[in-house]
Amino acid sequence: MVTPTARRGAAHYLVESYQVSARRSCGLMQIRCSSFYYKGRARTDEPLRAAIRAVAQKRVRWGSPRVVVQLRREGWKDNHKRIERLYREEGLQVRRRNRKRVSHGEREPLAKPTVRNELWAMDFVSDTMTNGHKLKVLAIMDCFNRECLALVPDTSIGGGRVARTLEELGCQRGYPRQIMMDNGPEFTSAALDAWAYTRDVKLYFIEPGKPSQNGYIESFNGRFRDECLNGNYFVSLPDARSIIENWRWDFNECRPHSALGHLTPIEFAEAQAVAPAPIPPKGAGMEAQRGVDNQKNGAMMLSVGLS
């Protein structure tokens, strides 16, 4: 099959070589005269390339799909295939890190919260500073909108410190109904147990050796390590606290989450807060009224029978 571009080239060849009129050459090649006179305007890719590089430099562990989502949020309307082609031409592909293959075991469904403060999850993430000292980070998140409530870095964190952090969060945004965690000594301490009893918060401990039961925080830990811990050097504890807190703010306010419809945690929470109440199905009110009438009739028949 001859393409329109080839037909247009053949029509120009007839006009230039055989002095055929443009109208007749278009008729012979079966193309419109507007196609014959059309002159393409090459579009420069540099603005889009610059935008792609800017996103890739800021989000060094993001692949092309997340870059496309971020560019959409910034107002770019280009086709995702064009963005991915330029992304590859710029050599911005993310190198995969080798991970140890482990057996995931049997997967179990996670509880899905429906409102904020219904279910929190927390865990510890470890790293090392440049001076060789160990860095321990307490991560706490709201599982409803994936908001990171706190990232507490320190060289040592005990159960009392965990309880104080939860108390500060509870005073700021309200106490959770339930907190999901593993069986670490910091979480099974008497201090945390006493705090939970005082605040009427249920502590849910996953089964040993089954981190998939706390998949919300495990997924967050992977992002946190890949995008923050592995991409930064921490020369001191104050430096680590500053970098980690900036990343937490960016995660909540700027970073879109695929599980939230590519909204940030704050945007998702605000959207849910203003969402209208669900409309009951058609006939639901009639069914409810019919049930009330049946109860009244039954009560009348019972009273007549007793009398």
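What you see is a predicted model, and the numbers here were worked out from it, not measured in a lab.

A. View of the side chain of Glu147. Note that Glu147 resides in strand 3 (residues 147-154). Only 3.3 Å separates the side chain of Glu147 from the side chain of Arg173, close enough to count as a polar contact. Leaving out residues up to four positions away in the same chain, Glu147 has contacts with Arg116, Ile140, Met141, Asp142, Arg173, Asn252, Pro265 and Ile266.

B. Quick peek at the sheet that holds strand 3. Taking strand neighbours across the sheet as the criterion, the five strands line up as 3-2-1-4-5 in an open arrangement whose pairing is mixed. Single-partner strands in this sheet number two, and they are strand 3 and strand 5 (202-205). On average, each strand axis in the sheet is tilted by 25° relative to the strand beside it, whichever way the strands run. Sheet topology places strand 1 (residues 119-128) next to strand 4 (residues 178-181); three bridges connect them, and they run parallel. Paired with Leu119 across the bridge in strand 4 is Gln178.

C. Layout of unusual backbone geometry. One non-glycine residue, Gln30, adopts positive backbone phi at about 60°. The residue Gln30 is located in the loop between helix 2 (22-29) and helix 3 (33-37) in this model. Residue His262 is not a glycine yet carries a positive backbone phi of 60°. With respect to the helices and strands, His262 occurs in the loop between helix 10 (237-253) and helix 11 (265-273).

D. View of the packing of aromatic side chains. Summed over the entire model, instances satisfying the criterion amount to ten aromatic pairs. Summarising the aromatic geometry, the rings of Trp247 and Phe251 are spaced 5.3 Å apart at their centres and angled 25° between planes, so their arrangement reads as stacked. Here Trp247 and its partner Phe251 are both found in helix 10, four residues apart, which amounts to about one turn of the helix. For Trp247, a relative accessible area of 10% puts it in the buried group. Of the residues examined, Phe251 reaches a relative accessible area of 4% and is grouped as buried.

E. Seen up close, the packing of helix 4 (residues 46-58) against helix 6 (residues 80-89). Close contact between helix 4 and helix 6 brings their axes to 10 Å; oriented N to C, the two are set at 70°. Comparing the axis directions of helix 4 and helix 6 gives the class roughly perpendicular. Counting all contacts with helix 4, which are made through Leu48, Arg49 and Ile52, the residues of helix 6 involved are Arg82, Ile83, Leu86, Tyr87 and Glu89. By residue class, the composition of the contact of helix 4 with helix 6 is five nonpolar, no polar and three charged.

F. Focus on the environment of Arg24. Here Arg24 lies in helix 2. As for Arg24 and Ala11, which are separated by 13 residues in sequence, their C-alpha atoms are 8.9 Å apart.

Definitions and cut-offs
- Residues numbered from 1 in each chain as written.
- Predicted model: local features only at pLDDT ≥ 70, side-chain atom pairs only at ≥ 80, totals over all residues.
- Heavy atoms only, no water.
- Helix = DSSP H or I, 4+ residues; strand = E, 2+ residues; numbered from the N terminus.
- Polar contact = N/O pair within 3.5 Å; in protein donor to acceptor, adjacent residues only side chain to side chain.
- Contact = heavy atoms within 4.5 Å.
- Pairing = 2+ DSSP bridges.
- Axes fitted to C-alpha atoms, helices over the stretch in contact; angles between N-to-C directions.
- Phe/Tyr/Trp six-rings, centres within 6.5 Å; stacked < 30°, edge-to-face > 60°.
- Buried < 20%, exposed > 50% of the residue type's maximum accessible area, 1.4 Å probe, protein only.
- Parallel < 35°, antiparallel > 145°, perpendicular 65-115°, else oblique.
- Nonpolar A, V, L, I, M, F, W, Y, C, P; charged D, E, K, R; others polar.

Spatial relationships are all this shows, so hold off on functional conclusions.
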